[in-house]
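Structural characterization, general
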Amino acid sequence: MKTTRLFSHWMKPSAAVAFFFTLIHSPLAEVLDDFEDNKVTGWEKFDFGSGNGFLKEEDGQFTIGMYQAPKQPFFVAATFDSQTYTIEDGVTLEFRIDLIEANQPEAYAAVGFIPKDTSVSQLSGYSAVKDNGDVILAKGLNKFFYDITDGEWTETPENITLSISMTGKGESVVMTVKVLDIENNNAVLFEQVSTDTPDADDFQTGTDSPAAPFLGKPGNFVLLLYHNDTNGSLPASTVTLDNAKVFQYEAATVDDFDDNKVNDWEKFDFGSGNGFLDEEDGQLTIGMRQPPGQAFFVAATYEPKTFVIEDGTTVEFSVDLIGANQPDSFAVLSFIPKAYPVSTLTGYSVAKDINDVLLAKGLNKYFYDITEGDWIEREENIRLVLSMTGSGKSVEVTTRVLDLENDFQVLFEETVTDTAGEDELDTGNDSPAASFIDKPGKFVLLLYHNDTNGSLPASSVTLDNAHASVSGADEKNQPPNIASVSPVTSSMMLPASTKIAFVVNDDNGVEPSDITVMLNGTTHTVANGLMVAGSAMAREVSLGGLKAGENYHAVITAVDADGGTDSRDLYFDTFDTNSFVVEVEDYNYEWGEFIDTPVLIPELDEDGIDANWGEDSYNSQEGYIGIDFFDTDEALVPAAHRYRPYDAVATVPALDLVRQKFNDAGGAQKGISDFGVVDIEEGEWLNYTRTYPNGEYLVYLRQAQFDMSEAKSTLELVTSAADEEEQTTEVLGSFLGTQSGVEFRNVLLTDEAGKEPIVVKLGGKATLRLAQHITDPEDLYLVQNYLVFIKYEKPTLALQASSAVNGPYQTESGATIDEANRTITIGQSGNTQFYRLSGASVKIGSVQVANGKVTLKYE
């Protein structure tokens, strides 16, 4: 058996997560001037009153220049004076300008924010400045946070976008300067983050005076040409610019965790109850209560907000990793499309532990997994950044690790492009191949416990300052958001009185008639049982009327007035808690021996070291290959052979939702685990001899199928002696599984085509076999938990009639049903009638009226 890193290097939530989570709503994008009218309008020129500077619009571009060479340093500024902007706490301003060209190397282009209470002549404000050989962030004349003179950006002197974003954070301003390559899909050529605090900060050039940041001060968008003539020898300078833009991100603090209450975060821990989210001392902890003894993760999804990566927009997530409690605890920051359950880990995720930085598209699907670099020296107090930019049908994903203790110095940066086609990954296959552009998704934090041998203590990570921003797109309608869905997906053995319940939130409101629940193929609306309450912007929805003994698939859909749509899939069952169940790991032992009523006992003995054994338990029983089971595994790796340690059959905790019988036996606190079978290969099989109850049954196989499009197992009846070799079998039916992520679903026994359910008749002692017809490529992608036998009741066919096509319909008690000839006869009423059949999966094939009677043929 291969040793598999289940999400190998994937996720690690913290022992204390301090969350100042700022969601930055869709930006208010403003084009100040695209210069297409070829008229200089709204711009105020400054040239020291010399008359030597000029502003000119021509051919849809803007030129700032000087008529004559001034023979000394000189600048010309253009202030857009009709609009002011203010940097406020929790708000981001981004100023952008396209630098088309400069006429000489020492001609600098600058874009900046200059407060109105200072003259532009002082250049006191925040400015991103660039010539051929320098990128500068300035706070004033000769006051530079930095002046960087080397990098790949030097090779692209023109056709670039110069961007400066300024975010108020408490009493400070965080600035990000970017240089983007216009001719290469706005690839990031340069990026640097700096912070202007209330105190005097350390500058590369000059002193920080005035020390205070320009927070809360109204200011203007300013463009500038700086003529850097230090010896009086340069000709006059000019720069040609285009597309002056402002993006204002109106931010709201979603959760600063100071209330010590976990709000709006949905936890995922496989339904085990082992994961927790905890707020204490203004921080959020993502962790686990007990060591799971295997790879495991806990996810926290922020429910109220949805993000979309669109062409030309950038969605950027970030979170501060304060610390992790052990080296193999991964902290993960993710964008997970709503079309995929968080359990699949399908999306874009940056994950880090002490030894790895990786970018994942899914479980064991890594664009890269890097294990060396300066970042290794920083195990804590770092910021993880996940930036995703749409470009056509591709997404450019940039991950960064920033040093919180060293002015946000970039410790790691890597950019990859996820195209519409299948890309080459360092690990695994690019499936699904297409990028996640235009797919609404969620901000997700994750703790990944990378325990490959079952020996690690419980993991936790501490996080802080989670942010999300969207830039480059105009304000547009936000789709509805379906949240707080119950029951939990994959719930089993629920009472029929259970109701499906959820809320629908939308910025514009959703009408009750635009909310539907399709339940096992039948659509429910407010017209036929769906209950909708609450306001248009916050609907509360429920649906009852469930039947006992059913396996359900619900599709919840909401559509707003602008056509925005959200949907959620929900799987659950209402099987009786006393249904006959065979645990997949409880196969025969010692040449056909079996236990009809096995007892649950702790996995380990009283010393907590060796495997436990009990006369009435399958735990540690030894089967015989070719008699009780057949398995191709030859290496009995302890971490993957925990329940039946002496057999080749791999058994690990299933990570399914907890059933009541396991809680009644003491649960995880007493070492009671629900095991499943993994490392499945074609040709393997397991025998189950039992004294089966009398009756006819529908049979379901409970399994989780991760990243496998199909899986096939067959249920067979052993027709020879179960304690002899070369046994013979009769195939009863097939379990045809589909991808479910790590969540478990019930797979019905059907014919080989998967179209018709198979009814199995049982009674007394018999041996059934579960045979495998597919190989799990990663050993842990297919997990089988139990077989459940549901009493089959033949549906009663009934004819219903109505005078209107939309009903209401009433059962016709006088109808004569001939099942042999598949006909139904009823007297002609003399009025227009609409008919339908209920109670069975059949449909009306034809209708004939003769001799005062109506005859319907069904098929």
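Residues numbered from 1 in each chain as written. Predicted model: local features only at pLDDT ≥ 70, side-chain atom pairs only at ≥ 80, totals over all residues. Heavy atoms only, no water.

1. A word on the overall build of the protein chain
Counting its secondary structure elements, the protein chain contains one helix and 55 strands. For the protein chain, the proportion of its 859 residues judged to be buried stands at 54%. Within the protein chain, residue pairs in contact and separated by at least 24 positions form 69% of the contacts whose partners lie at least 6 positions apart. Approximately 35,800 Å² of the protein chain is accessible, and the part contributed by carbon and sulfur atoms is 45%. Distance from the positive charge centre (55 side chains) to the negative charge centre (138 side chains) of the protein chain: 8 Å. (Helix = DSSP H or I, 4+ residues; strand = E, 2+ residues; numbered from the N terminus. Buried < 20%, exposed > 50% of the residue type's maximum accessible area, 1.4 Å probe, protein only. Contact = heavy atoms within 4.5 Å. Areas by Shrake-Rupley, 256 points an atom, 1.4 Å probe, with all protein chains shown as cover. Lys, Arg positive; Asp, Glu negative; His and termini not counted. Charge placed at Lys NZ, Arg CZ, Asp CG, Glu CD.)

2. Topic: the sheet that holds strand E53 (residues 834-838)
Read across the open sheet, the three strands follow the order E50-E49-E53; overall the sheet is antiparallel. Sheet topology places strand E50 (810-811) and E53 at the edges, where each strand pairs with a single neighbour. (Pairing = 2+ DSSP bridges.)

3. Digging into the sheet that holds strand E29 (residues 441-449)
Spatial ordering of the open sheet is given by E17-E20-E29-E22-E23-E24-E25, a layout of seven strands whose pairing is antiparallel. Each edge of the open sheet is held by one strand with a lone partner, namely strand E17 (265-268) and strand E25 (365-370). Averaged over all pairs of adjacent strands, the angle between strand axes in this sheet comes to 20 degrees, irrespective of strand direction. In the sheet, strand E20 (residues 296-302) pairs with E29 via six bridges, with the strands oriented antiparallel. The partner of Phe-296 across the bridge, within E29, is His-449. (Axes fitted to C-alpha atoms, helices over the stretch in contact; angles between N-to-C directions.)

4. Structural notes on the environment of Asp-81
Assignment of secondary structure puts Asp-81 in strand E6 (residues 74-86). Judged by its relative accessible area of 36%, Asp-81 is partly exposed. Residues contacting Asp-81, with those up to four places away along its chain left out, are Gly-42, Glu-44 and Asn-220.

5. What about the environment of Asp-328?
By the element assignment, Asp-328 lies in the loop between strand E21 (314-324) and strand E22 (329-337). Through-space distance from the C-alpha of Asp-328 to that of His-449 is 6.4 Å; in sequence the pair is 121 residues apart. Once you skip the residues sitting within four places of it in the chain, Asp-328 turns out to touch Asp-353, Tyr-448, His-449, Asn-450 and Leu-456.

6. Here we look at the packing of aromatic side chains
The final tally for this structure, using the stated rule, is 42 aromatic pairs. Taking 4.5 Å as the distance between ring centres and 50 degrees as the angle between the ring planes, the aromatic pair formed by Phe-145 and Phe-203 counts as tilted. On the criterion of sequence distance, the pair formed by Phe-145 in strand E11 (residues 143-148) and Phe-203 in the loop between strand E14 (187-196) and strand E15 (218-227) is long-range, its members being 58 residues apart. In terms of burial, Phe-145 and Phe-203 fall into one category: buried. When the ring of Phe-580 is compared with that of Phe-789, the centres are 5.6 Å apart and the planes differ by 65 degrees; the resulting orientation is edge-to-face. Taken as a pair, Phe-580 in strand E39 (residues 580-583) and Phe-789 in strand E48 (residues 782-791) lie far apart in primary sequence, 209 residues in all. (Phe/Tyr/Trp six-rings, centres within 6.5 Å; stacked < 30°, edge-to-face > 60°.)

7. Re the pairing of strand E52 (residues 823-827)
Where strand E51 (residues 816-818) lies against E52, three bridges are found, and the strand directions are antiparallel. Pairing of Asp-818 across the sheet is with Thr-823, part of E52. Remark: four residues form the turn of the hairpin made by E51 and E52, two consecutive strands paired antiparallel; Arg-822 in that turn has positive phi of roughly 55 degrees. Across five bridges, E52 lies against strand E55 (residues 853-858) in antiparallel orientation. Paired with Thr-823 across the strands is Lys-857, a residue of E55.

8. As for the pattern of salt bridges
According to the stated counting rule, one finds 23 salt bridges in the structure shown. Between Lys-338 and Asp-566 there is a salt bridge whose closest N-O contact spans 2.3 Å. You can see Lys-338 sitting in the loop between E22 and strand E23 (348-352) and its partner Asp-566 sitting in strand E38 (residues 565-573), a full 228 residues away along the chain. Through salt bridges that share partners, Lys-178, Glu-191, Glu-316, Arg-400 and Glu-413 make up one connected network. (Salt bridge = Lys/Arg side-chain N within 4 Å of Asp/Glu carboxyl O.)

9. Some words on the side chain of Asp-33
Mapping Asp-33 onto the fold places it in strand E2 (residues 28-33). Although Asp-33 is buried, it makes no salt bridge; Lys-39 carries the closest opposite charge, 12 Å away. Polar side-chain contacts of Asp-33 include one of 2.7 Å to the backbone nitrogen of Phe-35. Here the side chain of Asp-33 touches Trp-43 through a polar contact of 3.0 Å, side chain to side chain. Those residues in contact with Asp-33, other than ones at most four positions away along the chain, are Thr-41, Trp-43, Glu-57, Asn-243 and Ala-244. (Polar contact = N/O pair within 3.5 Å; in protein donor to acceptor, adjacent residues only side chain to side chain.)

10. Section: a negative patch on the surface
Together, Glu-590, Glu-593, Glu-622, Asp-723 and Glu-724 line one region of the surface with negative charge. Tracing the backbone through its elements, the reader meets Glu-590 in the loop between E39 and strand E40 (629-630). (Patch = residues over 30% accessible without salt bridge, like charges linked within 9 Å, V, L, I, M, F, W, Y side chains within 5 Å.)

11. A closer look at the side chain of Asp-269
The residue Asp-269 is located in the loop between E17 and strand E18 (275-280) in this model. Here Gly-273 takes part through its backbone nitrogen, which lies 3.0 Å from a polar atom of the side chain of Asp-269. In this structure Asp-269 touches Asn-274, Gly-275, Phe-296, Phe-297 and Val-298, once residues within four positions along its chain are discounted.

12. A few points about unusual backbone geometry
Of the consecutive residues Ser-431 and Pro-432, the connecting peptide bond is found in the cis state with omega at 0 degrees. Secondary-structure assignment places Pro-432 in the loop between strand E28 (409-418) and E29. Following Gly-807, the chain continues into Pro-808 via a peptide bond in cis, with omega recorded as 10 degrees. Along the chain, the position of Pro-808 falls in the loop between strand E49 (798-802) and E50. Phi is positive for Asp-438, close to 65 degrees, though the residue is something other than glycine. Relative to the elements of secondary structure, Asp-438 occurs in the loop between E28 and E29. Positive phi values are uncommon outside glycine, yet Glu-726 reaches one of about 55 degrees.

13. Focus on the confidence of the model for the protein chain
On average, residues of the protein chain carry a pLDDT of 89, and 95% of them reach 70 or more. Within the model, the stretch residues 1-27 combines pLDDT values under 50 with 192 contacts to residues more than four positions away or in other chains. (pLDDT = per-residue confidence, 0-100.)

14. Focus: the environment of Glu-380
Within the secondary structure layout, Glu-380 lies in the loop between E25 and strand E26 (382-391). Taking the C-alpha atoms as reference points, Glu-380 and Glu-405, 25 residues apart in sequence, are found 9.7 Å from one another. When near neighbours in sequence (up to four residues on either side) are disregarded, Glu-380 contacts Leu-321, Ile-322 and Gly-323.

15. Concerning the pairing of E11
For strand E10 (residues 135-140) and E11, the ladder comprises five bridges, and the chain directions are antiparallel. What sits directly across from Leu-137, in E11, is Tyr-146. In this antiparallel pair of consecutive strands, E10 and E11, the connection spans two residues, and Asn-142 shows a positive phi of 60 degrees.

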